[in-house]
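# Secondary and tertiary structure notes
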Amino acid sequence: MRPILNSQQIREADAFTIANEPISSVNLMERAASAFTQKFLELFASVPSVAVVCGVGNNGGDGLAIARMLQGEVGHIEVYVVGNLEKASEDFRVNYDRLGERLSPKIVVDESQIPEFDTSLIIDGMFGSGLSRPVEGVYAQVIERINASEAQVCAIDIPSGLFADKPTPSAGAVVEATHTISFQLPKLVFFMPSAASYVGSWHVVPIGLSEEFLLQQTTDKWQIELRDIHLPLKRRFDHKGTNGRVLLVAGSKGKMGAAILSAKAALRSGCGLLFAHVPCCGLDILQVAVPEAMVEVDEHTEIISEVLPEEQIDVIVIGPGIGTGKLTENALAQLLQKATAPMVMDADAINILAANTHLLSAVPPESVLTPHPGEFKRLVGDWKDDFEKLEKLKAFCKKYQLNMVLKGAYSAVCDTKGQITFNPTGNPGMATGGSGDVLTGVIGALIGQGMNPLEALRAGVYIHGLAGDLAAHAQGYRSMTASDIVAMLPQAINQLDKKC
Ligand SMILES: NC(=O)C1=CN([C@@H]2O[C@H](COP(=O)(O)OP(=O)(O)OC[C@H]3O[C@@H](n4cnc5c(N)ncnc54)[C@H](OP(=O)(O)O)[C@@H]3O)[C@@H](O)[C@H]2O)[C@@H](O)CC1
Ligand SMILES: Nc1ncnc2c1ncn2[C@@H]1O[C@H](COP(=O)(O)OP(=O)(O)O)[C@@H](O)[C@H]1O
Ligand SMILES: [K+]
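Computed from a predicted model, the values in this text were never measured in an experiment. Throughout, residues of each chain are indexed from 1 in the direction in which the sequence is written. For naming, the first written chain is A and the first written ligand is 1, with later ones following in the order written. At least 70 in pLDDT is required for a residue's local features to be given in this predicted model, at least 80 for side-chain atom pairs to be given and counted, and no such filter applies to totals for whole chains, interfaces and linings, which use all residues. Only hydrogens and water are set aside; all other atoms, that is, all heavy atoms of the structure, feed into the side-chain values.

Distances define the donors: N, O and S atoms within 2.8 Å of the metal qualify, as do those within 3.2 Å of Na, K or Ca. Water is excluded, so some sites may look unfinished. Protein coordination at the potassium ion (ligand 3) comes from Asn59 (OD1), Asp124 (O), Phe127 (O), Ile156 (O), Ile158 (O) and Ser160 (OG), with a distance range of 2.6 to 3.2 Å. Bound by six donor atoms, the potassium ion (ligand 3) shows angles of 65 to 175 degrees at the metal and therefore irregular coordination geometry. In these descriptions, tetrahedral denotes four donors with every angle between 85 and 135 degrees, square planar four donors and octahedral six donors with opposite donors over 155 degrees apart and the rest between 65 and 115, and irregular any other case.

Here it is, written out as structure tokens:
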């Protein structure tokens, strides 16, 4: 897993690398600028004109070095330095002197000197991890002008004005980048929905900071990487009884599709036997749609009113499409009293828990919850910003000793100790009804095959997002459906199996 460190830790990593590699500070800047430039040229094949807007700190120093490296690679280059040169950092000065006359920067200290920015691209190097307060005054005016321009904007390390690991006050100006090329590690704020319009699409480039130092750092935030996913092995003598016996409790009249999507996803994710408990009205629907499922019907025609857990069930998946009526609520409460197998609780099962929080203590150990933000809000109340949302996630998982995934772009998996891992796979095409039901089935199947709940959550969100990415590739973001995600599960799982 890739650690997500705060600005202070990253500064210390810079300092440790400089002292121990050893490398001079200005050469580390040169390496960072070179890594940025290489990625930049990959992203932007032809750039007729670029404005490089620099502050006077090291982020600005990067900007100057990048401007120098882009000579001959792009069309016309303009360099601007915003701020007081007397306050410039040492490495900024060295790069200022290296610029040469052809790129001689224009200094901006007041509003009258702010250019129109009519280049096709702007590189933002005003402030990076050294941002110490919200941006205002002439700096804010420059940012407003950048944001008003037609140009694409590529931020160095982090968009200027955005704090990496704490909320940015609304009074401060922030660059709205279309791309951000960041050094060595992603910044926490990149995973926050509220920062998306500032960060744009982000890319991380290695700059050779000391791995030894990075791995020693304490953090409670990580990013899942492909190499972290280890699927349960399939062995020569496996049989259906050893590959996970999953009980799916799902569906109600008009919402049998949720049950079908979860069932298909579980089967495509390797589960050995799938038992489904559905209302009477769902019997034919499920039998026809998913012939592999063994269906047991509820006494009630339209909803789930009682669930008797089968013996020898490895995991119970409950929630998709069940509704929150009183009878279903009672059924869930009774099931919680009797069940010993871990549960994957989704959708209306979570809504029922939120309305009856006393039930939370009855959730079997090793169970997982998979809320989307709306369901999570019902559980924990509202939050004032994305950072507080993560604090609430940690507090909830610690309090109830449950593993949970808070779904969305960069779904956040949290364990019982409050460690959070973000999932990098997935795309906006997955924001379509039924996607979550697919995820529930995948996670249920993985737990059924013996993965521990936390590993199953991490692998489940990764596989689900990867299948979503493959579906988007095949069908397009706009047209893909949740069924397309199911259809791509085999390909996604095959990709993971091949890397093992
Ligand atoms: N060797 C290394 O360390 C490497 C570092 N690297 C690069 O360095 C970046 C970090 O550089 P940094 O630490 O110099 O901070 P930076 O983001 O340039 O800002 C500091 C300047 O901004 C000013 N300032 C701050 N807030 C302000 C505000 N609201 N409004 C106005 N001014 C404000 C502050 O002034 P002061 O607060 O002192 O008044 C100071 O002048 C990092 O993101 C990466 O790009 C890479 O090259 C890899 C190697
Ligand atoms: N913009 C996005 N980027 C990546 N994944 C997304 C995005 N939007 C939704 N998803 C994923 O799609 C799923 C949606 O789940 P959910 O909201 O429960 O849908 P439903 O209730 O319709 O089944 C989640 O796994 C979520 O992570
Ligand atoms: K920047």
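Here we come to the UniProt feature "binding site: AMP" (unreviewed entry) in the protein. UniProt positions are given in the numbering used here, feature names are shortened, and annotations may be inferred rather than shown by experiment. Mapped onto this numbering, the UniProt entry gives "binding site: AMP" (unreviewed entry) at Lys407, Gly408, Ala409, Tyr410, Ser411 and Gly436. In terms of the greatest pairwise C-alpha distance, the residues named above, spread along 30 residues, form a tight cluster of at most 13.7 Å across. Along the chain, the position of Ala409 falls in the loop between strand S16 (403–406) and strand S17 (412–414). The contact partners of Tyr410, leaving out residues within four places of it in the chain, are Phe190, Phe191, Trp202, Phe422, Asn423 and Pro424. Throughout this description, a polar contact denotes any pair of N or O atoms lying within 3.5 Å of each other; where both atoms belong to protein, one of them has to be capable of donating a hydrogen while the other can accept it, and for residues adjacent in sequence the pair is counted only when both atoms sit in side chains. Polar contacts involving the side chain of Tyr410 include one to the side chain of Trp202, which spans 3.0 Å. We count a stretch as a helix when DSSP gives it H or I for four or more residues in a row; a strand needs E for two or more, and each element gets its number in order from the N terminus. Two residues form a contact once any of their heavy atoms are found within 4.5 Å.

Here we come to the sheet that holds S16. At least two DSSP bridges between two strands are required for those strands to pair. Read from one edge to the other, the open sheet built from eleven strands follows the order S1-S9-S18-S17-S16-S15-S14-S13-S10-S11-S12, with strand pairing classed as mixed. Edge positions in the open sheet fall to strand S1 (2–3) and strand S12 (294–297), since each of these has one partner strand only. Here strand S15 (residues 368–369) pairs with S16 via two bridges, running parallel. Its bridge partner being in S16, Leu369 is matched across the sheet by Met404. Most of the contacts of helix H14 (residues 435–448) go to strand S13 (residues 315–318), to which it runs at about 170 degrees, and overall it touches strand S10 (245–249), S13, strand S14 (343–345), S15 and S16. Axis definition: a line fitted to C-alpha atoms, limited for helices to the stretch in contact. Angles are taken between N-to-C directions and run from 0 to 180 degrees.

Just so you know, the domain bounds were taken from an automatic or database domain assignment. For the protein, the assigned domains read domain 1 (2–217) and domain 2 (226–499). A straight line from the C-alpha centre of domain 1 to that of domain 2 covers 41 Å. Facing the twelve residues of domain 1 at the interface are seven residues of domain 2. Where domain 1 abuts domain 2, roughly 860 Å² becomes buried across the two surfaces, and 74% of that area is made up of carbon and sulfur atoms. What gets called buried area is simply the loss in accessible area from a 1.4 Å probe that two parts show on being joined, summed for both. Interface area lost by domain 1 to domain 2 is led by Pro167, Phe191 and Met192, which between them contribute 53%. Here a salt bridge means any side-chain nitrogen of Lys or Arg lying within 4 Å of a carboxyl oxygen belonging to Asp or Glu. One can count zero salt bridges joining domain 1 with domain 2. On inspection of domain 1 and its partner domain 2, the count reaches two residue pairs in polar contact (both at pLDDT 80 or more). Put simply, Ala, Val, Leu, Ile, Met, Phe, Trp, Tyr, Cys and Pro go in the nonpolar bin, Asp, Glu, Lys and Arg in the charged bin, and everything else, Gly too, in the polar bin. A class-by-class count of the residues in the side of domain 1 that touches domain 2 yields nine nonpolar, one polar and two charged.

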